[in-house]
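# Residue-level structure breakdown
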Amino acid sequence: MSLNIGALRADTPGTRTVAHLNNAGSSLMPRPVTAAVVGHLRREEQVGGYEAAAEAAAGLEDVYSSVASLVGGHPDEIALMESGSTAWALAVALLPVHGRRILVARTEYRSNILVLIQLATRLGLKLAVLEEDTHGNINLAHLRRELVRGDVALVALTHVPMTGGLVNPAPAVGRLCADAGVPFILDACQSVGQLPLDVAQLACDILIGTGRKFLRGPRGTAFAYVRASVLEQAAAAPRSRLPLLRDNGEERLQARLLESREASMALRIGLGRAVDYALDLGIPPIRERVLPLAQTLRSHLAVLPRVRVHGQEHPGSGIVTFSVSGSTAWQVKEHLARQHINVSTVAMPPSGTEELLPITARTPTAVRASVHYYNSEEEIQQLISALR
Ligand SMILES: Cc1ncc(COP(=O)(O)O)c(C=O)c1O
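For clarity, every value in this text was computed on a predicted model and none was experimentally measured.

Cut-offs used in this document
- Residues numbered from 1 in each chain as written.
- Predicted model: local features only at pLDDT ≥ 70, side-chain atom pairs only at ≥ 80, totals over all residues.
- Heavy atoms only, no water.
- Domains from an automatic or database assignment.
- Contact = heavy atoms within 4.5 Å.
- Buried area = accessible area lost by both parts, 1.4 Å probe.
- Salt bridge = Lys/Arg side-chain N within 4 Å of Asp/Glu carboxyl O.
- Polar contact = N/O pair within 3.5 Å; in protein donor to acceptor, adjacent residues only side chain to side chain.
- Helix = DSSP H or I, 4+ residues; strand = E, 2+ residues; numbered from the N terminus.
- Nonpolar A, V, L, I, M, F, W, Y, C, P; charged D, E, K, R; others polar.
- Core = buried A, V, L, I, M, F, W, Y, C linked by side-chain atoms within 4.5 Å.
- Buried < 20%, exposed > 50% of the residue type's maximum accessible area, 1.4 Å probe, protein only.
- Axes fitted to C-alpha atoms, helices over the stretch in contact; angles between N-to-C directions.
- Parallel < 35°, antiparallel > 145°, perpendicular 65-115°, else oblique.
- Left-handed = near helix turned anticlockwise from the far one by under 90°.
- Pairing = 2+ DSSP bridges.

## Considering the domain arrangement of the chain
What the domain assignment reports for the chain is domain 1 (5-21 + 282-387) and domain 2 (38-279). Inter-centroid distance (C-alpha atoms) of domain 1 to domain 2 is 26 Å. Every contact between the two is made by 36 residues of domain 1 and, on the other side, 31 residues of domain 2. Buried area between domain 1 and domain 2, both sides added, is near 2800 Å², and the carbon and sulfur share of it is 62%. Applying the counting criterion to the domain 1 and domain 2 interface returns zero salt bridges. Linking domain 1 with domain 2 are 13 residue pairs in polar contact (both at pLDDT 80 or more), by the criterion used here. Counting only elements with at least two residues in the side of domain 1 that touches domain 2, the list comes to helix 12 (283-302), strand 12 (319-324) and strand 15 (366-370). No other element matches the four residues that helix 12 contributes to the side of domain 1 that touches domain 2. A class-by-class count of the residues in the side of domain 1 that touches domain 2 yields 17 nonpolar, 14 polar and five charged.

The structure is reproduced here in structure tokens:
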């Protein structure tokens, strides 16, 4: 079923004031999400924070089920977090480490790489970069050869890198890792909400997502899926201090042991509402809308003089990056902002190098325009006219 874009835009007050093409940064929230967050804050104002949480206990519990419906897995395998990078850093520590090398794609999200560098240094492991083609697609044959060596401790992959429309072949990577018995952690922060995800098909041990990007949830929300077997192994490890969580009088292992004791219940409720909103629309129809919009954007950009569009011909997600010769990415962003068009800037990874570290220390070189289903063809035209 196709989406009713007019109704969805009417449900998104921000569309009246901006052409928001920064969904990979943070989407415009739809009205029910804002209402859910504000509604809970009002209850906190009226009755107190703990009391409002007690009133909303059933709804808060439903958030775990909603996230599990979105990505697969059991609600016990879901933790609600405040940021994607924190969720990733905490969850990766649960993985068993047997082996001498960590394999990572060059497009891995930069804070994940920082954590991996620390982990590798502490445990005396080597960080090895997976080979890829000029567009950044990882070479599965190379991964297979590396796994066969039998010394790989962990594979980390970002499903949709923040720097373009590339979609890494996560299910194929997951299958190869599962066959080799190597833990696989998937950063799905840019894919959740715009592409279908299923942890069974992805064969990942851990999956991380954020709320504020393509899920259209509030800022300050994220989640982690941690496979039950990872929790069990972590709990069984010598000197393990993993707590069993008490739920309805029963003690069991739950991924929520990763959560902070203090968190915003209003934001969690908002995240749950955003997940339900996406589930009601259906992720496949969302994807069917996003991909042609991104393709339209890309082909209009490609014919503009002085504009160079990065990445592959057919974007696999809503993210399109480009550069304008004679202007910095920042100048282009500012020029567009003056015309009420939101985009962002990104640092493109240099191609053909094994070096990972500079990812953390690069200056923005490209403009990123990222579309979502509620964007209109007119907004794309607006961007193109403003660039012209
Ligand atoms: C691919 C990817 N992973 C992780 C993150 C980090 O998420 P957060 O900013 O919530 O820590 C981002 C944020 O842009 C991202 O694009």
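Additional details are given in the paragraphs that follow.
## Side note on the nonpolar core
Core analysis: the largest hydrophobic core is formed by 73 residues, its most contacted members being Val71, Val155, Leu207, Leu301, Phe322 and Leu383. At seven residues, the largest contribution of residues to this core is made by helix 12. A domain split of this core shows at least three residues from each of domain 1 (5-21 + 282-387) and domain 2 (38-279). In terms of nonpolar packing, the next biggest core, distinct from the first, is built from 31 residues, Leu119, Ile206, Ile208 and Leu253 among them.

## A closer look at the packing of helix 13 (residues 329-337) against helix 14 (residues 377-387)
With their axes 10 Å apart at the nearest point, helix 13 and helix 14 run at an angle of 120° to one another. In this view, helix 13 runs oblique relative to helix 14, as classed from their interaxial angle. The element helix 13 and its partner helix 14 pack so that their crossing is right-handed. Contact residues: helix 13 offers Val332, His335 and Leu336, while helix 14 offers Leu383, Ala386 and Leu387. In the contact of helix 13 with helix 14, the residues fall into five nonpolar, one polar and no charged.

## Describing the sheet that holds strand 12
Strand order in the open sheet formed by four strands is 11-12-15-14, with antiparallel pairing between adjacent strands. Edge strands, defined here as strands with exactly one partner in the open sheet, are strand 11 (307-309) and strand 14 (344-346). Going across the sheet, the axis of each strand differs from the next one's by a mean of 40°, ignoring polarity. Examined bridge by bridge, strand 14 and strand 15 share three bridges and lie antiparallel to one another. Paired with Ser344 across the strands is Arg368, a residue of strand 15.

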